[in-house]
Amino acid sequence: MRFPDGFLWGAATAAYQIEGAVAEDGRGPSIWDTFSHTPGAVRRGDTGDIACDHYHRWRDDLDLLAGLGVGAYRFSVAWPRVFPSGAGAVNPAGLDFYDRLADGLLERGITPMVTLYHWDLPQALQDRGGWANRDTAEHFADYAATVHERLGDRIPYWLTLNEPYCAAVVGHLEGRHAPGLRDERVAVTAVHHLLLAHGRAVAALRAGGVRGQVGITCNLTSVHPATADPADLAAARRLDLHENRMYLDPLFRGAYPDDAAAHYAPVTDFGFVHDGDLEAIAAPLDFFGINYYERHHARADPADPDRGWLRVPPEHPTVTGIGVHPEGLTEILRRVAKEYTPLPLVVTETGLALHDYPGPDGEIADDERIAFFDGHIRAAHEALDGGVPLFGFFPWSFVDNFEWASGYGVRYGIYYVDYPTQSRRPKRSAHWYAGVIRDNGLVSDPLRPHPS
Ligand code: IFM
C-alpha cells in the first residue's frame, strides 16, 4: 500500500503541551497556565510549567524527528511568547525561539508547518473577555502578521487555528478546558469570533505577501444515527451541526448552516455576526487540515428531545473513553472533498492514548498504537484511492505530552518521555513509523516492525 511520491509524512505537537519554560524570556501567562493551576481543573494538578522541557531540549528533539525521517513537523507558536499581553508590545525573545526552531528544522531537511493558535490565549486577553470579545479576533490578526513578518520566508504551511470546536465548545460550554466556562451563549459567540480570527489572519497573511500555503485545522467527527427512528435521525443531524457543520459551512460556504439559527435560538440570535464577517471567514484557502479522533452514533435524548442528543458509548472504549474507528477517517475525508471543498487535504492529527510503560527489557511495546495507525493510514489510503486529494498524514503525537485536562495521565507519543529525567525513548510505534516513512506506505505486517 504505497502512497504517491512526495506524500508528506509528519509528526505533530503543540506549544503548551511540550515547551514548558512558561515564565522564560518574557513569555506572558496564557489561559492554560491559569486553568492548569486552578485546583481540580486538571488531573492530579498537572500543569504545563515544565511539560517536555522542549523549550530547552528542542535541538535534541529535532534530531529525533530527523532520525524518524519525517518530511514535516507541525508545531504551534505560543501567542503569549510573542505578545505577552496578547497585544501591544512584541517580545522579540519569544519570536527568536521559533526562528531557531524553523532554522533547525530546515537544516535537518524537515518542512515546518506552523499552527498559530493551539489554545494558549494570552490571559490578558481573557481578562478582557477572551473569545467572547470580538476584539480578540483583531488582535489575533496582528499576532499572525507579526509571526509571519519574522518567519514568513521559511514556513511553507500555515494553519491559523487548531480545532476551533475544542477551543469554543470544550472551553466555553463543557468547561473541561480553559477558560473553564459553561455557557452555551458564550460558546457560540466564541465559535464565531474564532472563525472571524481565522478569516482576519488569512487576510493579514495575504496582505503580508505570504509565500507559504494557508489553511486551518478542524477536528471533525463522523456522525451516524443510532437507528432509523426519525428522532435518532434528528439527533444525529443536531450533533453533526454542533461538531462539524458549524465550522465547515461558514469556512467553505460562507454561511452558518440552515438549521443553526433555529437550534441556537434559545441562547443567541447571532447578533454577533456583523456585515462582511462571513465573507472574511470564507476567504479562499490553499489547503485544509483535518484532525480525526471520533466516530459517533447519536440517539435522541428523552430529557431534551428538541435540542439534545446522546452519544452511544463505544463498544470497546480506549483509555480516554472513545472507540477506534478508522473507517470514520475515510468517511470524513470523502465528505469534505465531496460536499465542501476541492482543496488539498491533510490529516494534521490522529492518534491513540495509552498508558504506556517500559517493559522489563526497556522496550515500550505499544502494539495497539501501531495497529491504530496502520488502520488509519489504510483508511487515508482508501480515501486517496477514491480520488480525495490528500497530501499528508501527521500522527499525534511526536512525543508524550501534557494532555490538557488529563495532564500526564495518558500518553499519545510515538516517543516515550520519562518526565522525571526528561529522557526520550522510541516506542515500538516510532520504529514502525520510521519504516512507513521509508517505504512511503504500508508494506509489512503492522505488528512486525519494519527492520531498521
Ligand atoms: O492533545 C490533543 C491536541 O492538542 C489536539 N487534538 C487532540 C489531541 C489529543 O486529545
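Our structure's up above, just so we're on the same page.
To keep things clear, this report deals only with the structure shown in the data block. Source: prediction; values computed, not measured.

## So, the overall build of the protein chain
Working step 1: If you tally the helices and strands in the protein chain, you get 15 helices and 11 strands.
Working step 2: Since a compact globule built from 452 residues should have a radius of gyration of about 22 Å, the 21 Å found for the protein chain is in line with a globular shape.
Working step 3: Oriented by its inertia axes, the alpha-carbon framework of the protein chain measures out at about 60 × 55 × 45 Å.
Working step 4: Each of the 452 residues in the protein chain was classed as buried or not, and the buried ones make up 61%.
Working step 5: Once local pairs closer than 6 in sequence are excluded, the contacts in the protein chain between residues at least 24 apart make up 76%.

## Quick notes on the pattern of salt bridges
Working step 1: Scanning the model with the defined rule gives 34 salt bridges in all.
Working step 2: Residue Asp-153 is joined to Arg-154 by a salt bridge in which the shortest nitrogen-to-oxygen separation is 3.0 Å.
Working step 3: Connected through shared salt-bridge partners, Asp-96, Asp-99, Asp-103, Arg-150, Asp-153 and Arg-154 make up one network.

## A word on the packing of aromatic side chains
Working step 1: Under the criterion given, the structure shown has 39 aromatic pairs.
Working step 2: Taken together, a centroid distance of 4.4 Å and an interplanar angle of 35° make the contact between Tyr-55 and Phe-97 tilted. Taken as a pair, Tyr-55 in helix 3 (residues 54-68) and Phe-97 in helix 5 (residues 92-107) lie far apart in primary sequence, 42 residues in all. Phe-97 carries the same exposure label as Tyr-55, and that label is buried.

## Observations regarding the pairing of strand 2 (residues 72-76)
Working step 1: Judged by how many residues are buried, strand 2 sits mostly within the fold: five of five residues are covered.
Working step 2: Judged by which residues are buried, strand 2 turns out to be covered on both faces: Ala-72, Arg-74 and Ser-76 on one side and Tyr-73 and Phe-75 on the other are all buried.

## As for the site of the ligand
Working step 1: Lining the immediate surroundings of the ligand are Gln-17, His-118, Trp-119, Asn-162, Glu-163, Tyr-293, Glu-349, Trp-396, Glu-403, Trp-404 and Tyr-412.
Working step 2: Between the ligand and Gln-17, the relevant distance is 2.7 Å, taken from an oxygen atom to a side-chain nitrogen or oxygen of the residue.
Working step 3: Surface burial for the ligand is 92%, taken as the share of its 280 Å² of free accessible area covered by protein chains.
Working step 4: Of the pockets mapped on this structure, the ligand occupies the largest pocket.
Working step 5: Across the shell around the ligand, the residue classes break down as five nonpolar, three polar and three charged.

## Thoughts on the side chain of Glu-243
Working step 1: Structurally, the position occupied by Glu-243 is in helix 10 (residues 230-253).
Working step 2: With relative accessibility at 4%, the residue Glu-243 sits in the buried group.
Working step 3: Within polar-contact distance, the side chain of Glu-243 engages the side chain of Thr-221 at 2.6 Å.
Working step 4: Apart from the residues lying within four places of it in its own chain, the contact partners of Glu-243 are Tyr-165, Asn-219, Thr-221, Val-223, His-296 and Arg-311.

## Some details on the nonpolar core
Working step 1: Counting 130 residues, the largest nonpolar core has Trp-32, Tyr-117, Phe-140, Met-246 and Phe-288 as the members making the most contacts within it.
Working step 2: Excluding residues that lie within four positions of it along the chain, Trp-32 makes contacts with Tyr-16, Val-42, Trp-119, His-177, Ala-178, Phe-402, Trp-404 and Ala-405.
Working step 3: Counting residues in hydrophobic clusters, the runner-up holds 16 residues, among them Ala-72, Tyr-157, Phe-287 and Tyr-293.

## Observations concerning the packing of helix 9 (residues 184-207) against helix 10
When two helices pack together, their arrangement is given by the angle between the helix axes and by the axis-to-axis distance.
Working step 1: Direction vectors running N to C along helix 9 and helix 10 enclose 35°, while the axes themselves pass 11 Å from each other. In this structure, helix 9 meets helix 10 at a crossing whose hand is right-handed. Of helix 10, the residues touching helix 9 (which contributes Val-188, Val-191, Leu-195 and His-198) are Met-246, Tyr-247, Pro-250 and Leu-251.
Working step 2: Of the residues contributing to the contact of helix 9 with helix 10, the split by class is seven nonpolar, one polar and no charged.

## Points about the packing of helix 3 against helix 5
Working step 1: Across the interface, helix 3 lies against helix 5 with an axial gap of 10 Å and an inter-helix angle of 15°. On the basis of the axis angle, helix 3 is roughly parallel to helix 5. The two elements helix 3 and helix 5 meet at a crossing, and its hand is right-handed. Across the interface between the two elements, His-54, Tyr-55, Trp-58, Leu-62 and Leu-65 from helix 3 touch Ala-93, Phe-97, Arg-100, Leu-101, Gly-104 and Leu-105 from helix 5.
Working step 2: Of the residues in the contact of helix 3 with helix 5, the class split is eight nonpolar, two polar and one charged.

## Some thoughts on empty space enclosed by the protein
Working step 1: According to the stated counting rule, one finds four cavities of 30 Å³ or more in the structure shown.
Working step 2: When its volume is computed, the largest cavity comes out at roughly 70 Å³.
Working step 3: In this structure, the largest cavity is lined by Val-169, Leu-173, Glu-184, Ala-187, Val-188, Val-191, His-242, Met-246, Tyr-247 and Tyr-264.
Working step 4: Mapped by element, the contributors of at least two residues to the lining of the largest cavity are helix 9 and helix 10.
Working step 5: If one sorts the elements of the lining of the largest cavity by residue count, helix 9 sits on top with four residues.
Working step 6: Within the lining of the largest cavity, the residues separate by chemical class into eight nonpolar, one polar and one charged.

## Brief notes about the layout of surface pockets
Where empty space is left can be seen by rolling a probe of water-molecule size over the atoms.
Working step 1: The calculated volume of the largest pocket comes to roughly 1,000 Å³.
Working step 2: Lining the largest pocket are 40 residues, and of these Arg-176, Tyr-293, Glu-294, Thr-320 and Ile-322 sit closest to its centre.
Working step 3: Looking at the lining of the largest pocket, the elements that each hand over two or more residues are helix 8 (164-172), strand 5 (213-225) and strand 6 (288-299).
Working step 4: Residues that form the lining of the largest pocket fall into these classes: 16 nonpolar, 14 polar and 10 charged.
Working step 5: Volume-wise, the second largest pocket comes out at about 190 Å³.
Working step 6: As for the second largest pocket, its lining consists of Val-319, Leu-354, His-355, Asp-356, Tyr-357, Ile-364, Ala-365, Asp-366, Asp-367 and Glu-368.
Working step 7: For the lining of the second largest pocket, a count of residues per class yields five nonpolar, one polar and four charged.

## Side note on unusual backbone geometry
Working step 1: Note the cis peptide between Ala-178 and Pro-179, where omega equals 5°.
Working step 2: Among the secondary structure elements, Pro-179 is positioned in the loop between helix 8 and helix 9.
Working step 3: Here the amide bond leading from Trp-396 into Ser-397 is cis, since omega sits at 10°, within 30 degrees of zero.
Working step 4: When you line up the elements, Ser-397 lands in the loop between strand 9 (390-393) and strand 10 (415-418).
Working step 5: Positive phi values are uncommon outside glycine, yet Ala-51 reaches one of about 50°.
Working step 6: Looking at where Ala-51 falls in the secondary structure, it is placed in the loop between helix 2 (31-36) and helix 3.
Working step 7: Among the residues examined, Ala-51 registers a relative accessible area of 4% and is labelled buried.

Reading the values: rules and limits
- Chains are numbered independently. Their residues run from 1 in the order of the written sequence.
- Local features in a predicted model are, by the rule used here, given only for residues with pLDDT of at least 70; side-chain atom pairs are given and counted only at 80 or more, and totals for whole chains, interfaces and linings are based on all residues.
- Computation of side-chain values: all heavy atoms of the structure, hydrogens and water removed.
- Helix and strand assignments follow DSSP, with helices taken as H or I runs no shorter than four residues and strands as E runs no shorter than two, numbered in order from the N terminus.
- Within these notes, the globule rule equals 2.2 Å times the number of residues to the 0.38 power, and the radius of gyration is based on C-alpha atoms.
- For every residue, the accessible area obtained with a 1.4 Å probe (protein chains only) is divided by the maximum for its type, and the residue is called buried under 20%, exposed over 50%, and partly exposed between those limits.
- Working rule for contacts: check all heavy atoms of both residues, and any pair within 4.5 Å makes them a contact.
- Within this document, salt bridges are pairs made up of a side-chain nitrogen of Lys or Arg and a carboxyl oxygen of Asp or Glu, the two lying within 4 Å of each other.
- When the centres of two rings from Phe, Tyr and Trp lie within 6.5 Å, Trp using its six-membered ring, the rings pair. Their planes under 30 degrees apart give stacked, over 60 give edge-to-face, and anything left gives tilted.
- Nearness is judged by heavy atoms alone; a residue qualifies as near a molecule or strand once a single heavy atom is within 4 Å of it.
- A 3.5 Å cut-off defines polar contacts: any pair of N or O atoms within that distance qualifies, except that in protein one atom must be a possible hydrogen donor and the other a possible acceptor, and neighbouring residues in sequence count only when both atoms are side-chain atoms.
- Every accessible area reported is derived by Shrake-Rupley at a probe size of 1.4 Å, with residue values counting cover from the shown protein chains alone.
- Of the two site types, the cavity is a set of points on a 1 Å grid over the protein atoms alone where a 1.4 Å probe fits but cannot get out, and the pocket is an open set with protein on both sides within 12 Å along at least five of seven lines, each lined by residues with an atom within 4 Å of a point.
- If over half the atoms of a molecule are within 2 Å of the grid points of a cavity or pocket, the molecule is regarded as sitting in it.
- Note on residue classes: Ala, Val, Leu, Ile, Met, Phe, Trp, Tyr, Cys and Pro are nonpolar, Asp, Glu, Lys and Arg are charged, and everything else, Gly too, is polar.
- We define the nonpolar core as a collection of buried residues of types Ala, Val, Leu, Ile, Met, Phe, Trp, Tyr and Cys that are connected through side-chain atoms lying within 4.5 Å of one another.
- Interaxial angles span 0 to 180 degrees and are taken between N-to-C directions of axes, which are lines fitted to C-alpha atoms, for helices over the stretch in contact.
- Left-handed describes a crossing in which the near helix is turned anticlockwise from the far one by less than a right angle; the clockwise case is right-handed.
- Roughly parallel refers to an angle under 35 degrees, roughly antiparallel to one over 145, roughly perpendicular to one between 65 and 115, and oblique to any angle outside these ranges.
- Grid points are joined across faces, edges and corners, and a volume is the space filled by probe spheres set on the points.

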